[in-house]
Each structure stands twice: as C-alpha cells, then as structure tokens.
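Now for the letters of each chain:
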Amino acid sequence: DNESFLRIAATWVSFGPHRRNLAEMLAVAEQVMRMPHAGLDPRQLAAALNNSSNLFFITGQRSQMEKLFNEERELAEKSGQANARLGSLRHKATMAFLDGRLEEAADIGHQMLTLGSELGMNAAAISTFGGGSAKALLAMGQAEEALKIFQSDENPNQFEVVLANYLAHIGRDAEVAELLSK
C-alpha cells in the first residue's frame, strides 16, 4: 500500500547514496513523485518528499527538487504538520542560497530556529538549519554564528566532518587537522 511504500522509500532514499545504486534510488524518488498523495499520513509524506528532494538536489535535478519542495510547502500549509513546516522552511532557505540570496537564506534559518523552539523541536530545527542557512552564513563570513548553532547542546547530529568544515572557515586549522586525522 502507499503508506508502507512511503515509509520504506523515505528511509531508502535518505540513507543509501553511499550504499546503493544511485539509479535505483532515483527510480524510488521518482515513484514517490508519481504516486497519489491524497489521504496519506502527512508526517510520512513529508519525510518521503523531503528525502526524495534531497536526492534530486545532490544529483542536480533542480526542477524535480523544486516540485517536491512546492508540494511539501503545500502540505505544511494544509496540515500544519511540524516536520513539514520545518522542511518547507529548509527548502525555502536552500532555494535562496542556490539563487545567491544569502541574507534571506540566513534569515529563514533563524525563522526555523524560532519555529523549532515554539514547537518544542529545537533539535530538529538545528539539524534543519544545517542546510542552506548554515551554508549562507559560511558564504557571508559568519562561520562563528554557524558554529555556535551547530554546537548547541540540543543538536543531536554533531558530525565531525561538519564541525571540521565550520572550523576550517574560521581558520582553526590545527583543530581541523586533528578531526580529519581520526
């Protein structure tokens, strides 16, 4: 059934780029796009749309990515589902970043953090901020701010490679070398 497929597809396209055949993953993401979405659980649909759009993003398929971004935005507006609302803001920030509107991307990130706080979902908001908003801060020379948000106690995803990226932007090369030597 469609609900079961969405649950499996959302996980499969998210955790597979380094483990699975990219063409197979794209086929699953395309199937997510084509299947009827009416009546599906908004949380599962938001996850599948988000993860499929990420796959289209990393493969340079902007038009496909934008279609899913728009659908997730509509889902967020109609359902009010928290993850869809945060994802919709992340997508908006990503598009602003890709189009060179860096200050807008950073501002949207701060909206994400505020919304996450209001919803009691700080960890999800901080993780979501790491997309276009954090990249915008780095591009604007505001790596210290991005690092501060990343190192928040509420961030469950403190990956060393991301930390190394922020530290490199700040010029803390010795710490970067130590992290990368592990």
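We now turn to the structure provided with this report. (Residues numbered from 1 in each chain as written. Predicted model: local features only at pLDDT ≥ 70, side-chain atom pairs only at ≥ 80, totals over all residues. Heavy atoms only, no water.)

**Focus: the pattern of salt bridges**
On inspection of all chains with the given rule, the structure shows seven salt bridges. A salt bridge links Arg-62 to Glu-66; the shortest N-O distance between them is 2.6 Å. In this pair, Arg-62 and Glu-66 are both assigned in helix H4 (residues 62-79), four residues apart and thus about one turn of the helix distant. Note that Glu-104 and Arg-101 form a salt bridge whose closest N and O atoms lie 2.6 Å from each other. The class of Arg-101 is partly exposed, set by a relative accessible area of 36%. A cluster of three or more residues bridged by salt bridges with shared partners is formed by Arg-62, Glu-66, Asp-99, Arg-101 and Glu-104. (Salt bridge = Lys/Arg side-chain N within 4 Å of Asp/Glu carboxyl O. Helix = DSSP H or I, 4+ residues; strand = E, 2+ residues; numbered from the N terminus. Buried < 20%, exposed > 50% of the residue type's maximum accessible area, 1.4 Å probe, protein only.)

**Digging into the packing of aromatic side chains**
Following the criterion strictly, the structure yields one aromatic pair and no others. Arranged with centres 5.3 Å apart and planes meeting at 75°, the rings of Phe-150 and Tyr-166 form a pair that is edge-to-face. Highlighted residues: Phe-150 in helix H9 (residues 143-150) and Tyr-166 in helix H10 (residues 160-170), separated in sequence by 16 residues. For the pair formed by Phe-150 and Tyr-166, the shared burial category is buried. (Phe/Tyr/Trp six-rings, centres within 6.5 Å; stacked < 30°, edge-to-face > 60°.)

**Some words on the side chain of Thr-128**
Counting through the fold element by element, Thr-128 comes out in helix H7 (residues 122-129). According to the relative accessible area criterion, Thr-128 is buried, its value standing at 14%.

**Observations concerning the environment of Ser-52**
Inspection of the secondary structure assignment puts Ser-52 in helix H3 (residues 42-58). Of the residues examined, Ser-52 reaches a relative accessible area of 1% and is grouped as buried. Along the primary structure Ser-52 and Glu-178 are separated by 126 residues, whereas in three dimensions their C-alpha atoms are 34 Å apart.

**Some thoughts on the nonpolar core**
Counting residues in hydrophobic clusters, the biggest one holds 19 residues, and the most contacted among them are Val-32, Leu-49, Leu-55, Phe-56, Met-65, Leu-75 and Ala-84. At the level of secondary structure, the elements contributing two or more residues to this core comprise helix H2 (22-34), H3, H4 and helix H5 (82-98). Top element by residues in this core is H3. It accounts for six residues. In contact with Leu-75, other than residues within four places in its own chain, are Pro-42, Leu-45, Ala-46, Leu-49, Gly-80 and Ala-84. Residues Leu-138, Leu-147, Ile-149 and Leu-179 belong to the second largest nonpolar core, which totals 17 residues. (Core = buried A, V, L, I, M, F, W, Y, C linked by side-chain atoms within 4.5 Å. Contact = heavy atoms within 4.5 Å.)

**Re a nonpolar patch on the surface**
Among the surface-exposed residues, Phe-57, Ile-58 and Leu-98 lie close enough to one another that they form a single nonpolar patch of about 260 Å² accessible area. The residue Phe-57 is located in helix H3 in this model. What makes Phe-57 partly exposed here is its relative accessible area of 36%. (Patch = residues over 30% accessible without salt bridge, like charges linked within 9 Å, V, L, I, M, F, W, Y side chains within 5 Å. Areas by Shrake-Rupley, 256 points an atom, 1.4 Å probe, with all protein chains shown as cover.)

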